[in-house]
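# Per-entry structural report
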Amino acid sequence: MSLLPRFFLSRPNSRENPDVPPLAITSRRRHLGISVSTDHCQHRPSVRQATRAAMRRQRINVPSPDPDRDKSQNPPHSTEKRPKPQDSHSFHSERNVFLLCLAMRAVNSLLVQTYFNPDEHWQALEVAHKIAFGYGHLTWEWKEGIRSYLHPMVFALLYKVLALLGLDKPWLMVKAPRLLQSFFCAIGDLYLHKLSHVLFGYCVARWALFSELLNWFMFFCFPRTLSNSLETVLTLVGLYYWPCLRASSSRDPAVSRSWGLFVAALACAIRPTSAIIWAYIGLLELWFTSDRMKFIFLETIPIGALVLGFTFLLDRLVYGSWVFVPLNFLKFNFLSSGGDYYGTHVWHWYFSQGFTVMLFTFLPFSLAGIAMAKHWRLSGLIGWVLGLYSVLGHKEFRFVLPVLPVALIFSGVYLASLSNPHGLRNKKEQSSKSCMIWPAKMRWAVVFLLVTNIPMALYMSLVHQRGSEDVMNFLSREAANDRLKSILFLMPCHATPYYSALHRNIPMRFLDCSPSEERSIPDESDGFMMDPSGFASELAKNWSLPSHIVLFDSEERKLQEFLSLHSFKEVDRDLQASVAVYALTAP
């Protein structure tokens, strides 16, 4: 019985398959017509060389003598790429993006310590505080039924949880709502990344997220508890699900559109003016979809009725009567121009001042990105919203906040083109390596955006008009030490937070500025600003003497004699916003 050569019994060469047994190797070589000698010492090099040469010539996969056995033990190598676990990879990628955004927005919310707009407190937290604790002030809007309780209810639930845990301390009562809003903001940031990725690819998604996190106004306004902030989150989430904005979609268009409709209805329930955004998207979908009847009668009407019915019942429960908020809101703000009572701007204000200031140094990048991307459906949304809001007399920065991230997506388009100009033509060509190319133009652009937006964001969030919030921190400490009995705010109405920041049920009074049918008669706030000394003297005839008076230094100089006459002396002053606090020294 002849023995096999030691060459075939030895350990296989590293270039060959180590799992194939020696007999299989021998069979493969015989199949190729290569003579195998038992004198391994003489012929070992020639066998190796012949084997390699034959395989190079034929360039074929060597067949196995026993295909069934070979397939079971040693599956043949395939030239086809195995499918990657896209879902798992996508999940981890989205999770990482969300965690990054959540961490940054949490820090962002803690850094926002200034006063911006009264509605952050008086239309959200103050209402929530009254729902949760039974005391707080409701402004005239809630008496007229032009606001829905859906948005304040979110923070009322938060307050209830804090109270149950024994954590309803003034400091946490101020910080917790903004921390909750930072969670919502992170969801919005994630969906901005997802929307940019779907529309323009990986590189644009990264730079769009960079633009949103860096933009000074998003940093300054987004974590605040304004209804506009939550509306912006819902806008970003909703846009992602609408098929009309995509060239193609792998997901079921009907399912995707249903989610988009639900989110859109929720945004309109929180802020009825959000219908301006979704009317544009709805008309686009109606134009491009092939199942218009299904879209209208089986999706839009049922989903809209469901959300509207829920908010209708919620408002009935809290108001105590049937109130149709969208109709009341429409009557006051559009049919009667009631918003003009709080000031008007020229028609081009959003184009010439408002939105341009919000974009700030991102403006040229966004304009270049719009021209480069040529995605007119999405960029058209910006023009549609700015144009319709320009018709209204009363204008504010926060009204157009929902389309600011959309403009920043196009800023991401241009920034991505600086690092990978060819990759923008094909989303599939974009990769993490191509996005990390930093030519000189890219470096200068990033440095320019950093040095212009970061100082602006920090100044507006930490310094500008900080006194209006700091004064409530001082008053809450006074209340904790039982030195606070009652407060009179001799300043324009809603110039500071109220019970939601103090979290102490003590008598407080501020100057009313509710709209009146008699426009010629000034309200209390206007009357005080026209003649501070005369108004205060008249007020003192019928007041219950407060223990503390809060006022701005611009009116303080005119009231020095009045304050001395009634035995008040200064006990605190904040340099920002120049807010002064006077305390009663003698009965």
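Owing to the predicted nature of the structure, the values given are computational and were not obtained by experimental measurement.

### With respect to the nonpolar core
Core analysis: the largest hydrophobic core is formed by 96 residues, its most contacted members being Ile-281, Phe-355, Leu-381, Val-400 and Leu-404. The element that contributes the greatest number of residues to this core is helix H20 (residues 404-419), accounting for 10 residues. With residues near it in sequence (within four places) discarded, Ile-281 still touches Leu-239, Trp-242, Cys-244, Leu-245 and Leu-381. One finds Tyr-135, Leu-502, Met-508 and Val-550 within the second-largest nonpolar core, a separate group that totals 25 residues.

### Concerning the packing of aromatic side chains
Taken as a whole, this structure holds 39 aromatic pairs when the rule is applied. When the centroid spacing of 5.9 Å and the interplanar angle of 90° are considered together, the rings of Phe-98 and Phe-183 count as edge-to-face. One end of the pair, Phe-98, is in helix H5 (residues 86-111); the other, Phe-183, is in helix H9 (residues 170-200), with 85 residues separating them in the sequence. Classification of Phe-183 as partly exposed rests on a relative accessible area of 36%. Aromatic ring contacts, followed pair by pair, group Phe-116, Trp-216, Phe-217, Phe-220, Trp-349, Tyr-350, Phe-360, Tyr-389, Phe-397 and Phe-399 into a single cluster. Of note, Arg-246 hangs over the ring of Tyr-240, and the distance from its end group to the ring centre comes to 4.6 Å. When the ring centre of Phe-288 is taken as origin, the NZ or CZ atom of Arg-377, which lies over that ring, is 3.7 Å away.

### Notes on the environment of Ser-390
Relative to the helices and strands, Ser-390 resides in helix H19 (residues 376-391). Taking the C-alpha atoms as reference points, Ser-390 and His-348, 42 residues apart in sequence, are found 6.4 Å from one another. Excluding anything up to four places from it in sequence, Ser-390 contacts Trp-347, Tyr-350, Phe-351 and Lys-395. Only 3.3 Å separates the side chain of Ser-390 from the backbone oxygen of Trp-347, close enough to count as a polar contact.

### Topic: the sheet that holds strand S1 (residues 487-490)
What the five strands build is an open sheet, ordered S2-S1-S3-S5-S4; its pairing is mixed. The open sheet has two free edges, formed respectively by strand S2 (508-510) and strand S4 (568-574), since each of these has just one partner strand. Between one strand and the next, the sheet's axes are offset by a mean angle of 20°, whatever the strand orientation. Relative to strand S3 (residues 548-552), S1 runs parallel, the two being bridged by four bridges. Along S3, the bridge assignment pairs Leu-490 with Leu-551.

### Considerations on the pattern of salt bridges
Scanning the entire structure with this criterion turns up 18 salt bridges. Residues Glu-120 and Arg-178 are paired through a salt bridge, measuring 2.7 Å at the closest nitrogen-oxygen approach. Taken together, the residues Glu-120 in helix H6 (residues 119-133) and Arg-178 in helix H9 connect sequence positions 58 residues apart. Of the residues examined, Arg-178 reaches a relative accessible area of 5% and is grouped as buried. Linked through salt bridges whose partners overlap, the residues forming this network are Asp-119, Arg-147, Glu-396 and Arg-398.

### A word on the side chain of Asn-108
Examined against the element boundaries, Asn-108 turns out to sit in helix H5. Assessed through its relative accessible area of 1%, Asn-108 is described here as buried. Within the structure, Asn-108 has its side chain in polar contact with the side chain of Arg-105 (distance 2.9 Å). One polar contact links the side chain of Asn-108 to the main-chain carbonyl oxygen of Phe-219, over a distance of 2.9 Å. Sequence-distant contacts of Asn-108, defined by excluding residues within four places in its chain, comprise Met-218, Phe-219 and Pro-223.

### Here we look at the state of the cysteines
Overall, the coordinates contain one disulfide when judged by the stated rule. A disulfide bridge connects Cys-493 with Cys-513, and the sulfur atoms are separated by 2.0 Å. Around the S-S axis, the bridge from Cys-493 to Cys-513 shows a dihedral of about 90° and counts as right-handed. A residue pair is termed long-range when its members are at least 10 positions apart, and Cys-493 in the loop between S1 and helix H24 (499-502) and Cys-513 in the loop between S2 and helix H25 (524-530) qualify at 20 residues. Look at Cys-513 and you get buried, because its relative accessible area is 5%.

What counts and what doesn't
- Residues numbered from 1 in each chain as written.
- Predicted model: local features only at pLDDT ≥ 70, side-chain atom pairs only at ≥ 80, totals over all residues.
- Heavy atoms only, no water.
- Core = buried A, V, L, I, M, F, W, Y, C linked by side-chain atoms within 4.5 Å.
- Buried < 20%, exposed > 50% of the residue type's maximum accessible area, 1.4 Å probe, protein only.
- Helix = DSSP H or I, 4+ residues; strand = E, 2+ residues; numbered from the N terminus.
- Contact = heavy atoms within 4.5 Å.
- Phe/Tyr/Trp six-rings, centres within 6.5 Å; stacked < 30°, edge-to-face > 60°.
- Lys NZ or Arg CZ within 6 Å of the ring centre and 35° of its normal.
- Polar contact = N/O pair within 3.5 Å; in protein donor to acceptor, adjacent residues only side chain to side chain.
- Pairing = 2+ DSSP bridges.
- Axes fitted to C-alpha atoms, helices over the stretch in contact; angles between N-to-C directions.
- Salt bridge = Lys/Arg side-chain N within 4 Å of Asp/Glu carboxyl O.
- Disulfide = S-S within 2.5 Å.

Interpretation in functional terms is not warranted from these geometric data alone.
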